Amino acid sequence: MQPSVFQGDIAYFPTIDRIPFEGPGSDNPLAFKAYNPGQVVGDKTMAEHLRFAACYWHTFHGTGADPFGPGTRAYVWNQHADPMDAARARLDAAFEFFTKLGVPFYCFHDRDLAPAGSSVAESEHNLQVLTDLAKARQQATGMKLLWGTANMFSDPRYMNGAATNPDLLVVSHAAAQVKAALEATVALDGENYVFWGGREGYACLLNTNTQRELEHFARFLTMARDYGRSIGFNGVFLIEPKPMEPMFHQYDFDAQTVIGFLRHHDLDRDFKLNIEANHATLAGHTFAHELQMCVDAGMLGSIDANRGNAQNGWDTDQFPTDMNDCIAAMQVVLAQGGLGRGGLNFDAKLRRESTDLDDLFIAHIGAMDAFARALVIADKLNNDSVLSKHKAARYSSFDTALGRDFAAGKLSLADLRDHAAKEGEPTAQSGKQELIENRVNDLVFGG
Ligand code: XLS
Ligand code: CA
Ligand code: CA
């Protein structure tokens, strides 16, 4: 079901109505060309497949500031002397934006929703007040929370990390934030709870006990898991890998690192992964590779849909419009049967130079259209017998009796040696990469 358009007391986007679907012929920048929520692709509607979410931080706090200068945008909802007044105004603007855009989910950090107070108790109180208001807005609009998280990287106290901080008091402040953010997530029926590593990592091995920090990290996640379950959180805990930035070395480097860590610490039944496209490229991987590693481990939880810039090495968090990336991602998602309780969250920000209010809408519309197109194309590619035939054929020697015995652990190294000695040199099997890539282009762009 699409949420109804919520109108607060003030309209923050007065010139924009509910974004309509106008189809491929439209040249209206404030209309969808491809995302038609009720359109069925395969076994589900587009809305069911894609489960789009808008993020609170970049969208409603993003000023365009960069290390060389202050912001280029000053959103009116943030212009209040009292940070709690700003938080209430931001909530109004957020729900107006979500419902006019037609995005069914949203995500937040505790500090996006409510400002920190001057004590643990005041911070908890602020979050509680905003959680109650958000709950009422969710009920009025049908909006849902894809995930909540805690910002444990902005406050200077976290300069040496949060759960992996060398000071127990800092770890305890992190615990206070996660406890309150979990309570907010449960109150808002969140489908997932995310841990992004933030500053969990280190800059210098000479002053860091990595073994101790990693053990503390696992202990902290276990405590969070146990607390979450004790207060009725039945959603999925997610870890979002990122290899660097802000820290030089980050512990949650990439999908395979995180999967190994979770399995080692017996957390893999409660935790899955939230894969961000830009973090994949920072790790030297493709977006699709990271997704595939999660799928293979049965641990793909959710996606932060954005893109980096191929020419530089930092986290640009651009809106996803590169179709090849989106298609490859959706092929992996469809092949595993969908995102389950996850979704596609646009962890993406406007360029510093994009200063109009409607740029927020235009950016999200383009990204939603990109994934809607990618969904349709990925479904076509995954159902193409030419493409699937090659992958299956490459592994056919493992479908023989001997191959099955190998996979079942019934053969020894000496048995394989005898097989090699008896059969002699293998016949070269072409990987057919060019044929397959050409076929993809024919299917995507062919007349
Ligand atoms: C930062 C991360 C962050 C997480 C949520 O690079 O992408 O925004 O998604 O803490
Ligand atoms: Ca992210
Ligand atoms: Ca990012």
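All of these numbers come straight from a predicted model, not from anything done at the bench.

Procedures and definitions
Residues numbered from 1 in each chain as written. Chains lettered and ligands numbered in written order. Predicted model: local features only at pLDDT ≥ 70, side-chain atom pairs only at ≥ 80, totals over all residues. Heavy atoms only, no water. Pairing = 2+ DSSP bridges. Helix = DSSP H or I, 4+ residues; strand = E, 2+ residues; numbered from the N terminus. Axes fitted to C-alpha atoms, helices over the stretch in contact; angles between N-to-C directions. Donors = N, O, S within 2.8 Å, 3.2 Å for Na, K, Ca; no water. Tetrahedral: all angles 85-135°; square planar, octahedral: opposite > 155°, others 65-115°. Buried < 20%, exposed > 50% of the residue type's maximum accessible area, 1.4 Å probe, protein only. Core = buried A, V, L, I, M, F, W, Y, C linked by side-chain atoms within 4.5 Å. Salt bridge = Lys/Arg side-chain N within 4 Å of Asp/Glu carboxyl O. Near = heavy atom within 4 Å. Polar contact = N/O pair within 3.5 Å; in protein donor to acceptor, adjacent residues only side chain to side chain. Areas by Shrake-Rupley, 256 points an atom, 1.4 Å probe, with all protein chains shown as cover. 1 Å grid on protein atoms, 1.4 Å probe; cavity = no way out; pocket = protein on both sides within 12 Å on 5 of 7 lines; lining within 4 Å. Sits in = over half its atoms within 2 Å of the grid points. Nonpolar A, V, L, I, M, F, W, Y, C, P; charged D, E, K, R; others polar. Points joined across faces, edges and corners; volume = space filled by probe spheres on them. UniProt positions renumbered as here; feature names shortened; annotations may be inferred. Contact = heavy atoms within 4.5 Å.

Overall, parallel pairing links the eight strands, which are arranged β3-β4-β5-β6-β8-β10-β11-β12 in a closed barrel. Along the sheet, successive strands turn relative to each other by an average axial angle of 30 degrees, direction set aside. In terms of strand pairing, strand β6 (residues 192-196) meets strand β8 (residues 236-240) through five bridges, oriented parallel. Bridging across to β8, Phe-195 finds its partner in Ile-239.

A separate point is the coordination of the calcium ion (ligand 3). Coordination of the calcium ion (ligand 3) by the protein comes from Glu-276 (OE), His-279 (NE2), Asp-315 (OD), Asp-315 (OD), Asp-317 (OD) and Asp-317 (OD), over a distance range of 2.0 to 3.2 Å. Because the angles between the six donor atoms bound to the calcium ion (ligand 3) fall within 43 to 160 degrees, the donor set is best described as irregular. In this model, the calcium ion (ligand 3) sits 4.8 Å from the calcium ion (ligand 2), the two metals being bridged by Glu-276. Within this pair, whereas Glu-276 is found in strand β10 (residues 271-276), its partner Asp-315 is found in the loop between β11 (300-304) and α11 (323-335), the two being separated by 39 residues in sequence. Exposure remark for Glu-276: the relative accessible area of 2% places this residue in the buried category. Asp-315 sits in the buried class, given a relative accessible area of 11%.

Looking at the metal site, the calcium ion (ligand 2) is ligated by Glu-240 (OE), Glu-240 (OE), Glu-276 (OE), Asp-304 (OD) and Asp-347 (OD), spaced 2.2 to 3.2 Å from it. Donor residues for the calcium ion (ligand 2) sit on one chain with the sequence pattern E-x35-E-x27-D-x42-D. For Glu-240, a relative accessible area of 3% gives the class buried. Accessibility expressed as a relative area gives 6% for Asp-347, which makes it buried.

Ranked by internal contacts, the top residues of the largest apolar core, which has 121 residues, are Leu-50, Tyr-56, Phe-98, Tyr-106 and Phe-371. Among the elements that make up this core, the one with the highest residue count is helix α12 (residues 358-382) (14 residues).

So, on to the pattern of salt bridges. Scanning all chains against the criterion turns up 18 salt bridges. A salt bridge links Asp-226 to Arg-225; the nearest nitrogen and oxygen atoms lie 2.7 Å apart. Residue Arg-225 is classed as buried on the basis of its relative accessible area of 14%. Between Arg-417 and Asp-418 there is a salt bridge, with its nearest N and O atoms 3.0 Å apart. Judged by relative accessible area, which is 56%, Arg-417 ranks as exposed.

Moving on to the site of ligand 1. Within the structure, ligand 1 sits among Trp-57, His-109, Trp-147, Trp-196, Glu-240, Lys-242, Glu-276, His-279, Asp-304, Asp-315 and Asp-347. At a separation of 3.3 Å, an oxygen atom of ligand 1 approaches a polar side-chain atom of Asp-315. A distance of 2.9 Å is found between an oxygen atom of ligand 1 and a side-chain nitrogen or oxygen belonging to Asp-347. For ligand 1, the protein covers 94% of the area, taking 290 Å² as the surface of the free molecule. Judged by its atoms lying within 2 Å of the grid points, ligand 1 is housed in the largest pocket. Tallied by class, the residues present in the shell around ligand 1 amount to three nonpolar, two polar and six charged.

Right, let's talk about the layout of surface pockets for a bit. Roughly 1,300 Å³ of volume is contained in the largest pocket. Taken together, 41 residues line the largest pocket, and the ones lying closest to its centre are His-58, Glu-245, Asp-315, Asp-317 and Lys-349. Where the lining of the largest pocket is concerned, the elements lending two or more residues are α2 (56-61), α4 (110-113) and β5 (144-149). With three residues, the single largest contributor to the lining of the largest pocket is α2. Residues of the lining of the largest pocket, tallied by class, amount to eleven nonpolar, 14 polar and 16 charged. Its boundaries defined by the atoms lining it, the second largest pocket holds a volume of some 990 Å³. Contributing to the lining of the second largest pocket are 25 residues, with Gln-331, Leu-387, Lys-391, Ile-436 and Val-440 lying nearest its centre. Those elements giving two or more residues to the lining of the second largest pocket turn out to be α10 (287-296), α11, α12, α13 (385-394) and α16 (433-445). Residue contributions to the lining of the second largest pocket peak at seven residues, all from α16.

According to UniProt, the "active site" (unreviewed entry) feature falls on His-109 and Asp-112. Those annotated residues from the list above that line the largest pocket are His-109 and Asp-112. Of the residues examined, His-109 reaches a relative accessible area of 9% and is grouped as buried. Aside from chain neighbours lying at most four places away, what touches His-109 is Trp-57, Thr-149, Ala-150, Asn-151 and Phe-153. Following the sequence through the fold, Asp-112 ends up in helix α4. Among the residues examined, Asp-112 registers a relative accessible area of 6% and is labelled buried.

This chain's UniProt record puts "binding site: Mg(2+) 1" (unreviewed entry) on Glu-240, Glu-276, Asp-304 and Asp-347. Their sequence span is 108 residues, while the largest C-alpha to C-alpha distance among them is just 11.9 Å; these annotated residues converge on one region. The subset of these annotated residues that lines the second largest cavity comprises Glu-276. Relative to the helices and strands, Glu-240 resides in strand β8. Dropping the residues within four chain positions of it, Glu-240 is found in contact with Trp-147, Val-194, Phe-195, Trp-196, Gly-197, Asp-252, Asn-274, Glu-276, His-279, Asp-304 and Asp-347. Within the secondary structure layout, Asp-304 lies in strand β11. Setting aside residues no more than four positions away along its own chain, Asp-304 makes contact with Trp-147, Glu-240, Asn-274, Ile-275, Glu-276, Ala-277, Asn-345 and Asp-347. Side-chain polar atoms of Asp-304 contact the side chain of Asn-274, separated by 3.2 Å.

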